[in-house]
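# Structural features, examined
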Amino acid sequence: MKTRAAVLHEMGATTPYSESKPLTIETLDLSEPQENEVLIKIKATGLCHSDLSVINGSRPRPMPMVLGHEAAGEIVQIGDRVTDYEIGDHVVCTFIPSCGHCIPCKEGRPALCETGAASNATGEMIEGGYRLQSEKDDVMHHLLGVAGFSDYAVVSTNSIVKVDKDIPFEKVAIFGCAVITGIGAVINTARVRSGSTVAVIGLGGIGLNAIMGAKLAGASEIIALDINEDKFDLAKKLGATAVFNSSDDNIVEAVKDYVQGGVDFAFETAGVVPAMDVAYKITKRGGTTTSTGLPDPKHEFAFPQVTLAAEERTIKGSYVGSCVPDRDIPHFIKLYKQGRLPVDELLTDTLSLDDINEGFDRLARGEAARLVVTMDN
Ligand SMILES: [Zn+2]
Ligand SMILES: [Zn+2]
(Lines give C-alpha, C1' and ligand atoms only; values in the text may rest on other atoms or scores of the structure.)
(Ligands and ions follow the chains in the order given, each with its own letter.)
Protein backbone atom coordinates (compact mmCIF):
# COMPACT_ATOMS: atom_id res chain seq x y z
CA MET A 1 0.00 0.00 0.00
CA LYS A 2 0.98 3.65 -0.25
CA THR A 3 1.66 5.98 2.68
CA ARG A 4 2.65 9.64 2.96
CA ALA A 5 5.66 9.99 5.24
CA ALA A 6 8.26 12.52 6.39
CA VAL A 7 11.65 11.39 5.05
CA LEU A 8 15.07 12.63 6.13
CA HIS A 9 17.67 12.14 3.37
CA GLU A 10 20.58 14.02 4.93
CA MET A 11 21.54 15.03 8.47
CA GLY A 12 22.95 18.40 9.53
CA ALA A 13 20.69 20.81 7.65
CA THR A 14 21.04 24.49 8.47
CA THR A 15 18.37 26.25 10.48
CA PRO A 16 15.72 27.48 10.13
CA TYR A 17 14.30 24.20 8.90
CA SER A 18 11.34 26.08 7.43
CA GLU A 19 13.83 27.17 4.75
CA SER A 20 16.28 24.24 4.49
CA LYS A 21 13.40 21.71 4.70
CA PRO A 22 15.36 18.62 5.87
CA LEU A 23 12.17 16.56 5.95
CA THR A 24 10.34 15.95 2.71
CA ILE A 25 6.84 14.55 2.52
CA GLU A 26 6.91 11.62 0.12
CA THR A 27 4.59 8.84 -0.95
CA LEU A 28 6.22 5.51 -0.13
CA ASP A 29 5.36 1.87 -0.56
CA LEU A 30 4.58 0.05 2.67
CA SER A 31 4.73 -3.77 2.82
CA GLU A 32 2.23 -6.01 4.55
CA PRO A 33 2.87 -6.71 8.25
CA GLN A 34 4.94 -9.85 8.84
CA GLU A 35 3.96 -12.64 11.27
CA ASN A 36 4.46 -10.67 14.49
CA GLU A 37 3.72 -7.20 13.16
CA VAL A 38 0.67 -4.99 12.81
CA LEU A 39 -0.34 -2.28 10.39
CA ILE A 40 -1.27 0.89 12.25
CA LYS A 41 -3.24 3.82 10.88
CA ILE A 42 -1.21 6.50 12.60
CA LYS A 43 -3.33 9.26 14.13
CA ALA A 44 -0.82 11.37 16.06
CA THR A 45 2.97 11.52 16.46
CA GLY A 46 4.82 13.88 18.79
CA LEU A 47 7.93 15.86 17.85
CA CYS A 48 10.72 14.83 20.19
CA HIS A 49 14.31 15.92 20.72
CA SER A 50 15.39 12.41 19.68
CA ASP A 51 14.02 13.16 16.21
CA LEU A 52 15.76 16.53 16.27
CA SER A 53 19.06 14.86 17.21
CA VAL A 54 18.87 12.84 14.01
CA ILE A 55 17.94 15.88 11.91
CA ASN A 56 20.85 17.94 13.25
CA GLY A 57 23.20 14.93 13.12
CA SER A 58 24.21 14.83 16.80
CA ARG A 59 22.92 11.24 16.98
CA PRO A 60 23.67 9.86 13.52
CA ARG A 61 21.43 7.23 11.94
CA PRO A 62 21.51 5.51 8.54
CA MET A 63 19.88 7.56 5.78
CA PRO A 64 17.34 7.91 4.27
CA MET A 65 14.98 7.41 7.19
CA VAL A 66 11.37 8.05 8.11
CA LEU A 67 11.42 9.79 11.49
CA GLY A 68 8.84 9.85 14.30
CA HIS A 69 8.55 7.56 17.31
CA GLU A 70 6.10 9.09 19.82
CA ALA A 71 3.19 7.69 17.86
CA ALA A 72 -0.35 6.51 18.50
CA GLY A 73 -2.94 5.03 16.19
CA GLU A 74 -5.39 2.27 15.43
CA ILE A 75 -4.56 -1.26 14.29
CA VAL A 76 -6.04 -1.95 10.87
CA GLN A 77 -4.31 -5.25 9.99
CA ILE A 78 -2.50 -7.94 11.97
CA GLY A 79 0.18 -10.47 11.06
CA ASP A 80 -0.58 -14.22 10.99
CA ARG A 81 0.86 -14.98 14.43
CA VAL A 82 -0.45 -11.94 16.31
CA THR A 83 -2.68 -13.04 19.19
CA ASP A 84 -2.52 -10.22 21.75
CA TYR A 85 -3.93 -7.49 19.50
CA GLU A 86 -6.89 -7.19 17.20
CA ILE A 87 -8.08 -4.87 14.48
CA GLY A 88 -9.53 -1.72 16.00
CA ASP A 89 -7.23 -1.67 19.04
CA HIS A 90 -5.74 1.69 19.91
CA VAL A 91 -2.02 1.48 20.56
CA VAL A 92 0.90 3.67 21.58
CA CYS A 93 4.33 2.93 20.14
CA THR A 94 7.40 2.52 22.30
CA PHE A 95 10.77 3.36 20.86
CA ILE A 96 12.80 0.40 22.09
CA PRO A 97 11.38 -2.80 20.68
CA SER A 98 11.94 -5.52 23.29
CA CYS A 99 12.52 -9.08 22.14
CA GLY A 100 11.62 -10.72 25.45
CA HIS A 101 14.46 -13.23 25.07
CA CYS A 102 17.76 -11.43 25.71
CA ILE A 103 19.21 -11.16 29.22
CA PRO A 104 18.13 -7.53 29.89
CA CYS A 105 14.59 -8.42 28.76
CA LYS A 106 14.60 -11.47 31.05
CA GLU A 107 15.87 -9.28 33.88
CA GLY A 108 12.84 -7.04 33.47
CA ARG A 109 14.79 -4.23 31.82
CA PRO A 110 13.21 -4.06 28.33
CA ALA A 111 14.59 -0.56 27.76
CA LEU A 112 18.01 -2.20 27.49
CA CYS A 113 16.92 -4.94 25.04
CA GLU A 114 20.02 -5.92 23.09
CA THR A 115 18.15 -7.04 19.97
CA GLY A 116 16.10 -3.83 19.99
CA ALA A 117 19.19 -1.67 20.41
CA ALA A 118 20.85 -3.44 17.46
CA SER A 119 17.88 -3.04 15.11
CA ASN A 120 17.40 0.58 16.18
CA ALA A 121 21.06 1.30 15.37
CA THR A 122 20.73 -0.08 11.84
CA GLY A 123 17.29 1.45 11.27
CA GLU A 124 15.71 -1.96 10.68
CA MET A 125 12.67 -3.66 12.12
CA ILE A 126 13.37 -5.95 15.12
CA GLU A 127 12.20 -8.88 12.97
CA GLY A 128 14.79 -7.81 10.40
CA GLY A 129 14.67 -5.81 7.18
CA TYR A 130 12.59 -2.86 6.10
CA ARG A 131 8.92 -2.38 5.27
CA LEU A 132 9.16 0.99 3.54
CA GLN A 133 10.39 1.63 0.01
CA SER A 134 10.51 4.55 -2.35
CA GLU A 135 10.98 4.64 -6.10
CA LYS A 136 14.24 6.59 -5.74
CA ASP A 137 15.90 4.85 -2.81
CA ASP A 138 16.94 1.22 -2.50
CA VAL A 139 16.42 1.17 1.25
CA MET A 140 14.24 3.32 3.47
CA HIS A 141 15.14 3.07 7.19
CA HIS A 142 12.75 3.13 10.14
CA LEU A 143 13.49 5.39 13.11
CA LEU A 144 13.45 3.28 16.28
CA GLY A 145 11.25 0.59 14.70
CA VAL A 146 8.35 3.05 14.46
CA ALA A 147 8.76 5.56 11.58
CA GLY A 148 5.69 7.34 12.89
CA PHE A 149 5.59 10.52 10.81
CA SER A 150 3.52 8.64 8.28
CA ASP A 151 -0.15 7.99 7.56
CA TYR A 152 0.46 4.28 8.15
CA ALA A 153 3.22 2.25 9.80
CA VAL A 154 4.06 -1.43 10.07
CA VAL A 155 5.29 -2.00 13.61
CA SER A 156 6.35 -5.04 15.63
CA THR A 157 4.06 -6.16 18.44
CA ASN A 158 7.23 -5.75 20.53
CA SER A 159 6.95 -1.99 19.92
CA ILE A 160 3.34 -1.31 20.96
CA VAL A 161 1.15 -1.08 24.05
CA LYS A 162 -2.63 -1.27 23.95
CA VAL A 163 -4.36 1.81 25.40
CA ASP A 164 -7.89 2.93 26.29
CA LYS A 165 -9.96 4.14 23.36
CA ASP A 166 -11.44 7.15 25.12
CA ILE A 167 -8.30 9.30 25.13
CA PRO A 168 -7.61 11.54 22.12
CA PHE A 169 -4.70 10.26 20.07
CA GLU A 170 -2.74 13.54 20.25
CA LYS A 171 -2.68 13.19 24.03
CA VAL A 172 -2.14 9.46 24.40
CA ALA A 173 0.81 9.59 21.98
CA ILE A 174 2.77 11.64 24.52
CA PHE A 175 2.71 8.69 26.94
CA GLY A 176 4.91 6.68 24.55
CA CYS A 177 8.03 8.80 25.04
CA ALA A 178 7.88 12.01 27.11
CA VAL A 179 5.67 10.67 29.92
CA ILE A 180 7.39 7.33 30.50
CA THR A 181 10.86 8.84 30.14
CA GLY A 182 10.27 11.76 32.53
CA ILE A 183 8.04 10.19 35.13
CA GLY A 184 9.87 6.86 34.89
CA ALA A 185 13.19 8.54 35.71
CA VAL A 186 11.72 9.79 38.98
CA ILE A 187 9.63 6.76 39.96
CA ASN A 188 11.57 3.82 38.49
CA THR A 189 15.19 4.92 38.13
CA ALA A 190 15.82 7.28 41.06
CA ARG A 191 12.94 5.99 43.24
CA VAL A 192 12.23 9.38 44.79
CA ARG A 193 10.83 9.03 48.30
CA SER A 194 7.98 11.04 49.78
CA GLY A 195 9.35 14.10 51.56
CA SER A 196 12.61 14.25 49.63
CA THR A 197 13.83 17.29 47.73
CA VAL A 198 14.07 17.27 43.94
CA ALA A 199 15.55 19.50 41.24
CA VAL A 200 14.87 19.17 37.51
CA ILE A 201 17.25 20.83 35.04
CA GLY A 202 15.71 21.35 31.60
CA LEU A 203 12.00 22.01 31.16
CA GLY A 204 11.21 20.34 27.85
CA GLY A 205 8.78 17.45 27.52
CA ILE A 206 10.92 15.12 29.67
CA GLY A 207 11.69 17.68 32.39
CA LEU A 208 8.06 18.75 32.78
CA ASN A 209 7.09 15.10 33.16
CA ALA A 210 9.82 14.66 35.75
CA ILE A 211 8.21 17.51 37.69
CA MET A 212 4.83 15.77 37.55
CA GLY A 213 6.55 12.55 38.64
CA ALA A 214 8.19 14.30 41.60
CA LYS A 215 4.83 15.69 42.68
CA LEU A 216 3.29 12.25 42.35
CA ALA A 217 6.10 10.79 44.47
CA GLY A 218 5.42 13.32 47.23
CA ALA A 219 8.60 15.40 46.97
CA SER A 220 8.64 18.22 49.54
CA GLU A 221 10.48 20.63 47.23
CA ILE A 222 10.49 20.52 43.42
CA ILE A 223 12.96 23.00 41.98
CA ALA A 224 12.67 23.70 38.26
CA LEU A 225 15.66 25.07 36.35
CA ASP A 226 16.02 26.20 32.76
CA ILE A 227 17.84 28.85 30.76
CA ASN A 228 14.48 29.94 29.30
CA GLU A 229 12.28 31.65 31.92
CA ASP A 230 9.23 31.42 29.63
CA LYS A 231 8.89 27.83 30.80
CA PHE A 232 8.57 28.67 34.49
CA ASP A 233 4.80 29.28 34.57
CA LEU A 234 3.99 25.83 33.20
CA ALA A 235 6.55 24.22 35.50
CA LYS A 236 4.86 25.85 38.51
CA LYS A 237 1.44 24.79 37.27
CA LEU A 238 2.63 21.18 37.10
CA GLY A 239 4.09 21.18 40.61
CA ALA A 240 7.36 23.11 40.79
CA THR A 241 7.71 24.82 44.17
CA ALA A 242 10.55 27.11 43.04
CA VAL A 243 12.13 28.16 39.73
CA PHE A 244 15.70 29.23 38.94
CA ASN A 245 17.45 30.41 35.80
CA SER A 246 20.19 27.80 35.35
CA SER A 247 22.39 30.19 33.37
CA ASP A 248 22.89 32.52 36.37
CA ASP A 249 26.52 32.65 37.48
CA ASN A 250 25.74 31.78 41.10
CA ILE A 251 23.08 29.17 40.35
CA VAL A 252 24.70 26.44 42.47
CA GLU A 253 24.93 28.68 45.56
CA ALA A 254 21.40 29.97 45.00
CA VAL A 255 19.88 26.48 44.95
CA LYS A 256 22.03 25.35 47.89
CA ASP A 257 20.83 28.37 49.86
CA TYR A 258 17.23 27.60 49.01
CA VAL A 259 17.49 23.91 49.97
CA GLN A 260 20.15 23.70 52.63
CA GLY A 261 23.13 21.79 51.21
CA GLY A 262 21.42 20.80 47.96
CA VAL A 263 18.70 18.39 46.88
CA ASP A 264 18.30 14.68 47.51
CA PHE A 265 17.57 13.98 43.85
CA ALA A 266 18.60 16.02 40.80
CA PHE A 267 17.52 15.20 37.25
CA GLU A 268 19.31 16.38 34.12
CA THR A 269 16.91 16.29 31.17
CA ALA A 270 18.50 18.78 28.75
CA GLY A 271 21.07 16.45 27.21
CA VAL A 272 23.96 18.90 27.52
CA VAL A 273 27.03 18.76 29.76
CA PRO A 274 26.48 22.18 31.47
CA ALA A 275 23.06 20.97 32.67
CA MET A 276 24.61 17.77 34.07
CA ASP A 277 27.29 19.86 35.75
CA VAL A 278 24.68 21.98 37.54
CA ALA A 279 22.66 18.86 38.40
CA TYR A 280 25.67 17.20 40.03
CA LYS A 281 26.72 20.31 41.93
CA ILE A 282 23.29 20.98 43.42
CA THR A 283 22.90 17.37 44.61
CA LYS A 284 23.54 17.12 48.36
CA ARG A 285 25.86 14.74 50.18
CA GLY A 286 24.41 11.24 49.93
CA GLY A 287 22.17 12.32 47.08
CA THR A 288 21.48 10.93 43.60
CA THR A 289 22.00 12.68 40.26
CA THR A 290 20.13 11.12 37.34
CA SER A 291 20.81 11.88 33.68
CA THR A 292 17.99 11.33 31.16
CA GLY A 293 19.23 13.49 28.29
CA LEU A 294 21.11 12.20 25.27
CA PRO A 295 24.07 14.53 24.64
CA ASP A 296 26.37 14.44 21.65
CA PRO A 297 28.35 11.15 22.05
CA LYS A 298 31.65 13.07 21.88
CA HIS A 299 30.87 15.28 24.88
CA GLU A 300 32.28 14.23 28.27
CA PHE A 301 31.16 15.10 31.78
CA ALA A 302 33.85 15.61 34.45
CA PHE A 303 33.47 15.76 38.23
CA PRO A 304 35.72 15.44 41.29
CA GLN A 305 35.96 11.70 41.84
CA VAL A 306 36.52 12.13 45.56
CA THR A 307 32.89 13.20 45.97
CA LEU A 308 31.65 9.72 45.06
CA ALA A 309 33.24 8.10 48.11
CA ALA A 310 33.55 10.99 50.53
CA GLU A 311 29.98 12.17 49.97
CA GLU A 312 28.45 8.80 49.07
CA ARG A 313 27.13 10.28 45.87
CA THR A 314 25.26 8.30 43.22
CA ILE A 315 25.13 9.06 39.50
CA LYS A 316 22.51 7.19 37.50
CA GLY A 317 21.49 7.01 33.90
CA SER A 318 17.84 6.57 32.97
CA TYR A 319 16.84 5.32 29.55
CA VAL A 320 13.13 5.40 28.72
CA GLY A 321 12.60 5.98 32.44
CA SER A 322 13.72 2.40 33.19
CA CYS A 323 10.15 1.58 32.21
CA VAL A 324 8.37 -1.64 31.52
CA PRO A 325 6.01 -0.14 28.93
CA ASP A 326 3.26 -2.77 29.25
CA ARG A 327 3.14 -2.10 32.97
CA ASP A 328 3.84 1.62 33.13
CA ILE A 329 1.93 3.15 30.22
CA PRO A 330 -1.47 1.77 31.36
CA HIS A 331 -0.57 2.77 34.94
CA PHE A 332 0.26 6.36 33.99
CA ILE A 333 -2.87 6.57 31.82
CA LYS A 334 -4.93 5.50 34.83
CA LEU A 335 -3.40 8.29 36.92
CA TYR A 336 -4.07 10.73 34.06
CA LYS A 337 -7.74 9.73 33.95
CA GLN A 338 -7.96 10.23 37.71
CA GLY A 339 -6.70 13.78 37.25
CA ARG A 340 -3.37 13.09 38.97
CA LEU A 341 -1.17 13.54 35.88
CA PRO A 342 -2.14 16.67 33.93
CA VAL A 343 -0.57 15.52 30.65
CA ASP A 344 -3.01 17.77 28.70
CA GLU A 345 -0.95 20.76 29.85
CA LEU A 346 2.04 19.47 27.87
CA LEU A 347 0.30 19.56 24.51
CA THR A 348 1.35 22.96 23.16
CA ASP A 349 -0.10 22.59 19.68
CA THR A 350 -1.03 20.17 16.91
CA LEU A 351 0.14 20.55 13.33
CA SER A 352 -0.16 18.79 10.01
CA LEU A 353 2.51 16.57 8.45
CA ASP A 354 3.14 19.28 5.84
CA ASP A 355 4.19 21.74 8.58
CA ILE A 356 6.67 19.39 10.23
CA ASN A 357 9.81 21.39 9.41
CA GLU A 358 8.34 24.51 11.02
CA GLY A 359 7.43 22.33 14.00
CA PHE A 360 11.04 21.26 14.48
CA ASP A 361 12.10 24.92 14.35
CA ARG A 362 9.74 25.61 17.25
CA LEU A 363 11.06 22.58 19.17
CA ALA A 364 14.69 23.60 18.51
CA ARG A 365 13.96 27.12 19.75
CA GLY A 366 12.49 25.67 22.95
CA GLU A 367 9.10 27.24 22.33
CA ALA A 368 7.03 24.17 22.98
CA ALA A 369 6.61 21.41 25.56
CA ARG A 370 5.04 19.03 23.06
CA LEU A 371 4.02 19.58 19.46
CA VAL A 372 2.10 16.72 17.90
CA VAL A 373 1.53 16.01 14.23
CA THR A 374 -2.00 14.76 13.66
CA MET A 375 -2.74 12.76 10.52
CA ASP A 376 -5.91 13.54 8.62
CA ASN A 377 -6.26 9.95 7.38
ZN1 LIG B 1 11.20 10.70 22.18
ZN1 LIG C 1 15.49 -8.23 24.45
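Residues numbered from 1 in each chain as written. Chains lettered and ligands numbered in written order. Predicted model: local features only at pLDDT ≥ 70, side-chain atom pairs only at ≥ 80, totals over all residues. Heavy atoms only, no water.

## So, the sheet that holds strand 2 (residues 23–30)
The following threshold applies: Between any two strands, at least two bridges found by DSSP are needed for them to pair. The helix count covers DSSP runs of H or I at least four residues long, the strand count covers runs of E at least two residues long, and both are numbered beginning at the N terminus.
Strand order in this open sheet of five strands is 7-2-1-4-8, and the pairing throughout is mixed. Of all the strands in the sheet, just strand 7 (132–133) and strand 8 (141–142) have a single pairing partner and so form its edges. Across two bridges, strand 1 (residues 2–8) lies against strand 4 (residues 65–66) in antiparallel orientation. Paired with Val 7 across the two strands is Val 66, which belongs to strand 4.

## Some words on the domain arrangement of the protein chain
Counted only if it meets this: Domain borders in the structure are assigned automatically or taken from a domain database. A contact between two residues is defined here by any heavy atoms of the two lying within 4.5 Å. What counts as buried area is the accessible surface, traced by a 1.4 Å probe, that two parts surrender upon association, with contributions from both included. Criterion for a salt bridge: a side-chain nitrogen of Lys or Arg within 4 Å of a carboxyl oxygen of Asp or Glu. Polar contact is defined as a pair of N or O atoms within 3.5 Å, subject to the rule that within protein one atom must be able to donate a hydrogen and the other to accept it, and that residues adjacent in sequence are counted only when both atoms are side-chain atoms. Residues are sorted three ways: Asp, Glu, Lys and Arg are charged, Ala, Val, Leu, Ile, Met, Phe, Trp, Tyr, Cys and Pro are nonpolar, and all the rest, Gly among them, are polar.
Splitting the protein chain by domain gives domain 1 (2–178 + 323–374) and domain 2 (191–317). Computed over C-alpha atoms only, the centres of domain 1 and domain 2 are separated by 28 Å. Between domain 1 and domain 2, the contact holds 14 residues from the first and 15 residues from the second. Summed over both sides, the interface of domain 1 with domain 2 buries roughly 1,300 Å², with 67% coming from carbon and sulfur. Summed over the three residues of domain 1 that lose the most area to domain 2, namely Arg 59, Glu 345 and Leu 346, the buried surface amounts to 34% of that side. Here domain 1 is connected to domain 2 by one salt bridge. Here Lys 237 ties to Glu 345 by a salt bridge, and the two come within 3.2 Å at their closest N and O atoms. Put simply, domain 1 and domain 2 have two residue pairs in polar contact (both at pLDDT 80 or more) between them. Here the residues of the side of domain 1 that touches domain 2 sort into seven nonpolar, three polar and four charged.

## Quick look at the packing of helix 6 (residues 178–189) against helix 7 (residues 205–216)
Convention followed: Interaxial angle, 0 to 180 degrees, is taken between N-to-C directions of lines fitted to C-alpha atoms, where a helix line uses only the stretch in contact. Working rule for angles: under 35 degrees goes down as roughly parallel, over 145 as roughly antiparallel, 65 to 115 as roughly perpendicular, anything else as oblique. Two helices that cross are described as forming a left-handed crossing if the nearer one is turned anticlockwise from the farther one by less than a right angle, and a right-handed crossing if clockwise.
Direction vectors running N to C along helix 6 and helix 7 enclose 45°, while the axes themselves pass 7 Å from each other. Relative to helix 7, the element helix 6 is oriented oblique. At the point where helix 6 passes helix 7, the crossing takes the right-handed sense. Residues Ala 178, Val 179, Thr 181, Gly 182, Ile 183, Val 186 and Ile 187 of helix 6 form the contact with helix 7, whose participating residues are Gly 205, Ile 206, Asn 209, Ala 210, Gly 213, Ala 214 and Leu 216. A breakdown of the residues in the contact of helix 6 with helix 7 according to their chemical character gives nine nonpolar, five polar and no charged.

## Looking at the packing of helix 6 against helix 12 (residues 325–337)
Between helix 6 and helix 12, whose axes approach to 11 Å, the crossing angle comes to 100°. It follows from the interaxial angle that helix 6 and helix 12 lie roughly perpendicular. Residues Val 179, Ile 180, Ile 183, Gly 184 and Asn 188 of helix 6 form the contact with helix 12, whose participating residues are Arg 327, Asp 328, Ile 329 and Phe 332. Each residue belonging to the contact of helix 6 with helix 12 can be placed in one class, and the counts come to five nonpolar, two polar and two charged.

## Notes on the sheet that holds strand 15 (residues 283–291)
Read across the open sheet, the six strands follow the order 13-12-11-14-15-16; overall the sheet is parallel. Each of the sheet's edge strands pairs with one partner strand only, and the pair in question is strand 13 (242–245) and strand 16 (314–317). Within the sheet, the average angular offset between the axes of one strand and its neighbour, ignoring direction, is 20°. As defined by bridge partners, strand 11 (residues 197–201) adjoins strand 14 (residues 263–268) across four bridges and the pair is classed as parallel. Within the sheet, the bridge partner assigned to Val 200 lies in strand 14 and is Phe 267. Of the strands in this sheet, strand 12 (221–226) and strand 13 touch helix 9 (residues 251–258), which is tilted by about 165° from strand 13. Against the sheet, helix 10 (residues 273–281) makes contact with strand 11, strand 12, strand 14, strand 15 and strand 16, and its axis sits at roughly 150° relative to strand 15, the strand it touches most.

## A closer look at the environment of Lys 334
Mapped onto the elements of the fold, Lys 334 is located in helix 12. Taking the C-alpha atoms as reference points, Lys 334 and Gly 88, separated by 246 residues in sequence, lie 21 Å from one another.

## Concerning a negative patch on the surface
How we decide: Patch definition: residues above 30% relative accessible area lacking any salt bridge, with like charges linked at up to 9 Å and the nonpolar side chains Val, Leu, Ile, Met, Phe, Trp and Tyr linked at up to 5 Å. Accessible surface area values rest on a Shrake-Rupley calculation with a 1.4 Å probe, where residue burial reflects the displayed protein chains alone. Charged residues are defined narrowly, with Lys and Arg counted positive, Asp and Glu counted negative, and His plus the chain ends left uncounted. For charged residues, the charge sits on one atom: NZ in Lys, CZ in Arg, CG in Asp, CD in Glu.
On the surface, Glu 229, Asp 230, Asp 233, Asp 248 and Asp 249 cluster together into a patch of negative charge. Here Asp 233 shows up in helix 8 (residues 232–238).

## Looking at the coordination of the zinc ion (ligand 2)
Basically, it comes down to this: Any N, O or S atom lying within 2.8 Å of the metal counts as a donor, with the limit raised to 3.2 Å for Na, K and Ca; because water is left out of the atom set, some sites can appear incomplete. Note on classification: 1.4 Å probe, protein chains only; a residue is buried when its accessible area is under 20% of the maximum for its type, exposed when over 50%, partly exposed between these limits.
Distances from the zinc ion (ligand 2) to its protein donors, Cys 99 (SG), Cys 102 (SG), Cys 105 (SG) and Cys 113 (SG), fall within 2.3 to 2.4 Å. Among the residues examined, Cys 99 registers a relative accessible area of 15% and is labelled buried. In this structure Cys 105 comes out as buried when scored by relative accessible area, which is 14%.

## Some remarks on the coordination of the zinc ion (ligand 1)
The reference angle at a metal is 109.5 degrees if four donors form a tetrahedron and 90 or 180 degrees if six donors form an octahedron. Protein-derived ligands of the zinc ion (ligand 1) are Cys 48 (SG), His 69 (NE2) and Cys 177 (SG), with the metal-ligand distances lying across 2.0 to 2.2 Å. Mapped onto the polypeptide sequence, the residues donating to the zinc ion (ligand 1) form the spacing pattern C-x20-H-x107-C. Here the residue Cys 48 occupies a position in the loop between strand 3 (37–46) and helix 2 (49–55), and Cys 177 occupies one in the loop between helix 5 (169–172) and helix 6, the gap between them amounting to 129 residues. As far as burial versus exposure is concerned, Cys 48 and Cys 177 are alike and both buried.

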